[in-house]
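One-letter residues, chain by chain:
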Amino acid sequence: LSPPGAVRPRLWYLLETSLHPQKPCGLLNTAFLLTMAKWGQGDPRWIVEERADATNVNNWHWTEKDASEWSKTKLKELFKGLKIEDGDLKCETTDVSKVEGEASVSNRKAKIIVFYEWKVVIDWKGSVSSESDAVPVRGTIELPNLSEEVDAKDLEVMVKVKIESDDGWKLKEMIRKKGADMLRSAAASYIEKLKTGIIYFSVSKMTGNV
């Protein structure tokens, strides 16, 4: 039974001797092997694939879950409706018009590993007067590199105005100076929720209502 030219490991030796009852240790080794193979004994990490319910015991094996749809919903929720003000200068994010990219959450030995890479475009409108007949100024905010390679506090924030004007310039500068940290804080909230692995542990919560 020994593999030619190979050093017999202990398990192989026990198997070989168990098939020779004449050897003193044969019956003992047979009992040992049967005990090893008995269902439900031993380290549960090594019997995951044998379970009828396919349970990943203690999250030991590498698994991965697509978090893209959950992320799109969560990013839209976090970036829409933000209000940025400075005196008479008032601005609000009205919509998240573009969320391009992907995200995933992996688990290995109960350790959460996240991957995400997004380009986000946010629509905004604002005014430089509290008068009701003030013409609103509109523009966009772009987050071109929301990814795990960039810390949230260093996230690039690009502010644009659809029609250039003095009012538009004032609002753009106000958003850039006072709104950037608010946007970075919202991005940090997304990253924190993603890293908790809540998307991984509960499929029912993959709706963004987390």
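The structure presented is a predicted model; accordingly, all values stated were derived computationally and were not measured. (Residues numbered from 1 in each chain as written. Predicted model: local features only at pLDDT ≥ 70, side-chain atom pairs only at ≥ 80, totals over all residues. Heavy atoms only, no water.)

Novice: Is there a simple way to explain the overall build of the chain in this structure?
Specialist: The helix and strand inventory of the chain stands at five helices and six strands. Each helix and strand of the chain, placed in order from N terminus to C terminus, yields the pattern α-α-β-α-β-β-β-β-β-α-α. Surface accessibility of the chain: about 13,000 Å² in total, with carbon and sulfur atoms responsible for 52%. (Helix = DSSP H or I, 4+ residues; strand = E, 2+ residues; numbered from the N terminus. Areas by Shrake-Rupley, 256 points an atom, 1.4 Å probe, with all protein chains shown as cover.)

Novice: I would appreciate a short explanation of a negative patch on the surface in the present structure.
Specialist: A surface patch of like charges, here negative, comprises Glu-64, Asp-66, Glu-102, Glu-117, Glu-148 and Glu-149. Note on placement: Glu-149 falls in the loop between strand S5 (137–147) and strand S6 (158–161). (Patch = residues over 30% accessible without salt bridge, like charges linked within 9 Å, V, L, I, M, F, W, Y side chains within 5 Å. Salt bridge = Lys/Arg side-chain N within 4 Å of Asp/Glu carboxyl O. Lys, Arg positive; Asp, Glu negative; His and termini not counted. Charge placed at Lys NZ, Arg CZ, Asp CG, Glu CD.)

Novice: Sorry, what's going on with the pairing of S5 here?
Specialist: Regular strands place side chains that alternate from one sheet face to the opposite one. Burial analysis of S5 places eight of its 11 residues in the buried class, the great majority of the element. Here S5 runs beside S6; their pairing, made up of four bridges, is antiparallel. Directly across from Gly-139, in S6, lies its bridge partner Val-161. (Buried < 20%, exposed > 50% of the residue type's maximum accessible area, 1.4 Å probe, protein only. Pairing = 2+ DSSP bridges.)

Novice: Any chance you could explain the packing of helix H3 (residues 68–79) against helix H4 (residues 166–195) here in plain terms?
Specialist: Between two packed helices, what matters for the description is the angle formed by their axes and the separation of those axes. Contact pair H3 / H4: the axes reach a minimum separation of 10 Å and the direction vectors enclose 150 degrees. Taken together, the axes of H3 and H4 lie roughly antiparallel to each other. For the pair H3 and H4, the crossing hand works out as right-handed. Residues Trp-70, Ser-71, Lys-74, Leu-75, Leu-78 and Phe-79 of H3 form the contact with H4, whose participating residues are Leu-183, Ala-186, Ala-187, Ser-189, Tyr-190, Lys-193 and Leu-194. Residue composition of the contact of H3 with H4, by class: nine nonpolar, two polar and two charged. (Axes fitted to C-alpha atoms, helices over the stretch in contact; angles between N-to-C directions. Parallel < 35°, antiparallel > 145°, perpendicular 65-115°, else oblique. Left-handed = near helix turned anticlockwise from the far one by under 90°. Contact = heavy atoms within 4.5 Å. Nonpolar A, V, L, I, M, F, W, Y, C, P; charged D, E, K, R; others polar.)

Novice: Help me understand the layout of surface pockets, please; the structure alone is not making it clear to me.
Specialist: Regions of empty space are outlined by a rolling probe, equal in size to a water molecule, passed over the atoms. Volume-wise, the largest pocket comes out at about 170 Å³. As for the largest pocket, its lining consists of Lys-83, Glu-85, Lys-90, Cys-91, Glu-92, Lys-125, Gly-126, Ser-127 and Pro-136. Counted by class, the lining of the largest pocket contains two nonpolar, two polar and five charged residues. (1 Å grid on protein atoms, 1.4 Å probe; cavity = no way out; pocket = protein on both sides within 12 Å on 5 of 7 lines; lining within 4 Å. Points joined across faces, edges and corners; volume = space filled by probe spheres on them.)

Novice: Could you clarify how one ought to interpret the confidence of the model for the chain in this entry?
Specialist: Taken over all residues, the pLDDT of the chain has a mean of 77, while the share at 70 or more is 62%. Confidence over residues 24–51 falls short of pLDDT 50; this stretch has 28 contacts with residues more than four positions distant or in other chains. (pLDDT = per-residue confidence, 0-100.)

Novice: Would you take a moment to explain the packing of aromatic side chains for this structure?
Specialist: Given two aromatic rings, their pairing is described by the distance between the two centres and the angle made by the two planes. As enumerated under the stated definition, the model contains two aromatic pairs in all. Both rings, one in Tyr-116 and one in Tyr-190, keep their centres 5.9 Å apart while their planes meet at 90 degrees; by these two values the pair is edge-to-face. With Tyr-116 in strand S4 (residues 111–127) and Tyr-190 in helix H4, this pair connects stretches of sequence that are 74 residues apart. The same class applies to Tyr-116 as to Tyr-190, namely buried. Taken together, Trp-70, Tyr-116 and Tyr-190 form an aromatic cluster joined through their ring pairs. (Phe/Tyr/Trp six-rings, centres within 6.5 Å; stacked < 30°, edge-to-face > 60°.)

Novice: So what exactly am I meant to see when it comes to H4 here?
Specialist: Along an α-helix, residues three or four apart share an orientation, since each turn contains 3.6 residues. The end-to-end C-alpha distance of H4 is 42 Å, a good match for the 44 Å that 30 residues give at a rise of 1.5 Å each. Considering bend angle alone, the principal kink of H4 is centred on Gly-179 and spans about 50 degrees. (Expected span 1.5 Å × (residues − 1). Bend = angle between axes of the 7 residues up to and from the residue.)

Novice: Where do I start with the nonpolar core in this structure?
Specialist: If you look at soluble globular proteins, the nonpolar side chains tend to sit buried side by side. Counting 38 residues, the largest nonpolar core has Phe-79, Tyr-116, Trp-118, Val-120, Trp-124, Leu-146 and Tyr-190 as the members making the most contacts within it. Within the residue set of this core, elements represented by two or more residues are H3, strand S3 (89–108), S4, S5, S6 and H4. Of all the elements, H4 adds the most residues to this core, at 10 residues. (Core = buried A, V, L, I, M, F, W, Y, C linked by side-chain atoms within 4.5 Å.)

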